[in-house]
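Residues per chain are reported as follows:
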Amino acid sequence: MRILTLHRTVLIASAALLVAACSSEKSLPAPPQLTPATEAQAEAYGEQLLEALQTCNPSTLRKLFDVEGAQTIALRQSTLNGALQDEFLSEVQRNLSQQTSQLFQCEDSEYAAGFNFEGIRELDGQPSVVISNFENGALLWQFPVGTNAESAERAVIARDYFNYSQGMLLTAAFTDYDNLVASDVYNRATVIEVLSALYEGEPASLERLGELTKTSRLNRKVQLAELEIRAFLGAEEYKAARERFYKRFPNHDPMHLLSQIALRSAGDEEGALEAIDALDAQIGTIPGLDVLRLRVLEDMNAPQRLLTVAKRVVRSMPDRESSWHWLLDAQKRTQDYPGMLATLKEIGERFDTIWDRTEADNEFFKEFAATPYWEAYHGWMGETFELEADEAPTTAE
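Just so it is clear, the model here is predicted, and its values are computed rather than measured. (Residues numbered from 1 in each chain as written. Predicted model: local features only at pLDDT ≥ 70, side-chain atom pairs only at ≥ 80, totals over all residues. Heavy atoms only, no water.)

(A) Spatial organisation of the pattern of salt bridges. Summed over the entire model, instances satisfying the criterion amount to 19 salt bridges. When the shortest N-O distance is used, the salt bridge between E193 and R208 registers 2.8 Å. Of this pair, E193 sits in helix α9 (residues 188-199) while R208 is found in the loop between α9 and α10 (214-217), placing the two residues 15 residues apart along the sequence. A salt bridge links E270 to R305; its shortest N-O distance comes to 3.3 Å. Taken as a pair, E270 in helix α14 (residues 269-283) and R305 in helix α16 (residues 303-316) lie far apart in primary sequence, 35 residues in all. For E270, a relative accessible area of 40% translates into the label partly exposed. Judged by relative accessible area, R305 falls into the partly exposed class, the value being 39%. What emerges from the salt-bridge pattern is a single network uniting D277, D280, D290, R293 and R312. (Salt bridge = Lys/Arg side-chain N within 4 Å of Asp/Glu carboxyl O. Helix = DSSP H or I, 4+ residues; strand = E, 2+ residues; numbered from the N terminus. Buried < 20%, exposed > 50% of the residue type's maximum accessible area, 1.4 Å probe, protein only.)

(B) View of the pairing of strand β4 (residues 139-144). Burial runs high along β4: 6 of the 6 residues are buried. Of the strand pairs in this sheet, strand β3 (residues 126-133) and β4 are connected by 6 bridges, and their pairing is antiparallel. Counted as the bridge partner of I131 is W141 from β4. Connecting β3 to the next strand, β4, in antiparallel fashion are 5 residues. (Pairing = 2+ DSSP bridges.)

(C) Highlighting the packing of helix α18 (residues 337-351) against helix α20 (residues 372-384). Between α18 and α20, the shortest axis-to-axis distance is 10 Å and the interhelical angle comes to 20°. Judged on the interaxial angle alone, α20 and α18 are roughly parallel. Helix-helix and strand crossings are classified by hand; for α18 and α20 the assignment is right-handed. Between α18, through Y337, P338, L341, L344, K345, G348 and E349, and α20, the contact on the second element is made entirely by Y373, A376, Y377 and W380. Across the contact of α18 with α20, the residue classes tally to 8 nonpolar, 1 polar and 2 charged. (Axes fitted to C-alpha atoms, helices over the stretch in contact; angles between N-to-C directions. Parallel < 35°, antiparallel > 145°, perpendicular 65-115°, else oblique. Left-handed = near helix turned anticlockwise from the far one by under 90°. Contact = heavy atoms within 4.5 Å. Nonpolar A, V, L, I, M, F, W, Y, C, P; charged D, E, K, R; others polar.)

(D) How the structure looks around the sheet that holds strand β5 (residues 146-147). On the basis of which strands lie adjacent, the open sheet formed by 3 strands has the order β1-β5-β6 and antiparallel pairing. Looking at strand neighbours, the two that pair on one side only are β1 (35-36) and β6 (156-157), the edges of this open sheet. As defined by bridge partners, β1 adjoins β5 across 2 bridges and the pair is classed as antiparallel. Residue P36 lies in a different strand from β5, and its bridge partner there is G146.

(E) Layout of the nonpolar core. In terms of nonpolar packing, the biggest core is built from 49 residues, with F134, L140, L257, F368 and Y377 touching the most fellow members. Breaking this core down by element, the ones donating at least two residues are α13 (256-265), α14, α15 (289-300), α16, α17 (321-333), α18 and α20. In terms of nonpolar packing, the next biggest core, distinct from the first, is built from 32 residues, F65, A112, I120 and Y161 among them. (Core = buried A, V, L, I, M, F, W, Y, C linked by side-chain atoms within 4.5 Å.)

(F) Layout of the environment of E107. Mapped onto the secondary structure, E107 falls in the loop between α6 (96-104) and α7 (109-112). Along the backbone, E107 and N57 are 50 residues apart, and their C-alpha atoms lie at a distance of 9.3 Å. Contacts of E107, omitting those with residues within four sequence positions, involve C56, S101 and Q102.

The following block contains the structure:
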């Protein structure tokens, strides 16, 4: 299960720069002001962003998302002095392509295929594009979209997004990191090393928190990284860590997505479903959250509830083959064999995915293959794909 945790990857080791960082007071100029996009512009932007994410096209992603602008906003909000601001931004500019791919977690093509454009919702009164990846993880972002009068090539862009797993904007996450470095500027190699260890997600990395100063230890970036690890250490430990986090940061937005991951991991399925419902209310109802519900209901072995949600998923996301596979699984669990036949035909017609007779021994199809509907399916397959009924076509794996 992926939880996106964003951090800077730069490490500046120049002693001369350290001295400059402590003395320079200049500030970076603000990026050009954006005007809120119309809903139609945001809709078109969402389609373009989805294609760029699924193909992991850094060039297109850079045109659609102003990484430099986001970094500049964060640096201006941080306590870093001028020289380090310049150095951080220069590092981003030197490695912009790699930074963009890492930022959007699309380098893995199988993972990238799971991105979905959920629609337009408002964020602080501005039309915003909602992007999810629940197929292969637990990712939910919301991009406020604006128009940029100073660039014809990047006329409609975003330079920030709200990350629901962390309950915060990207620029705020960047600023937290910048402030962490600024709080212990002479020891930042250790700070970055410990933070990187925490991002690996191993519980043993929590022992390294003792290497940080008290100020660094209480930085929100560090506290959030710790909370994400404790999300997998049991419901009670997670809830205690969450309570400590919100006591220190009472105005931090809810992290219902992280809660559902933690509670599902701990076997508290009803609690996980409640967290998903709370997230649904927070963002304004999106179809993709039903995929999270399906996973929890599968854990619960609740076939009728699974079937109800699976039917809803194929209505809301009929163009995703995985939606129909969820329905097929739910129908198998409820022994709805006529329904299985209808769904198998839909999958074949929509996606050219079929299963030949050798699949009769497959554990998934074993019971279905003992019914007349198995023969009916292969009769239909032979006619539809112009094959003899006993011929084995190319099939799904």
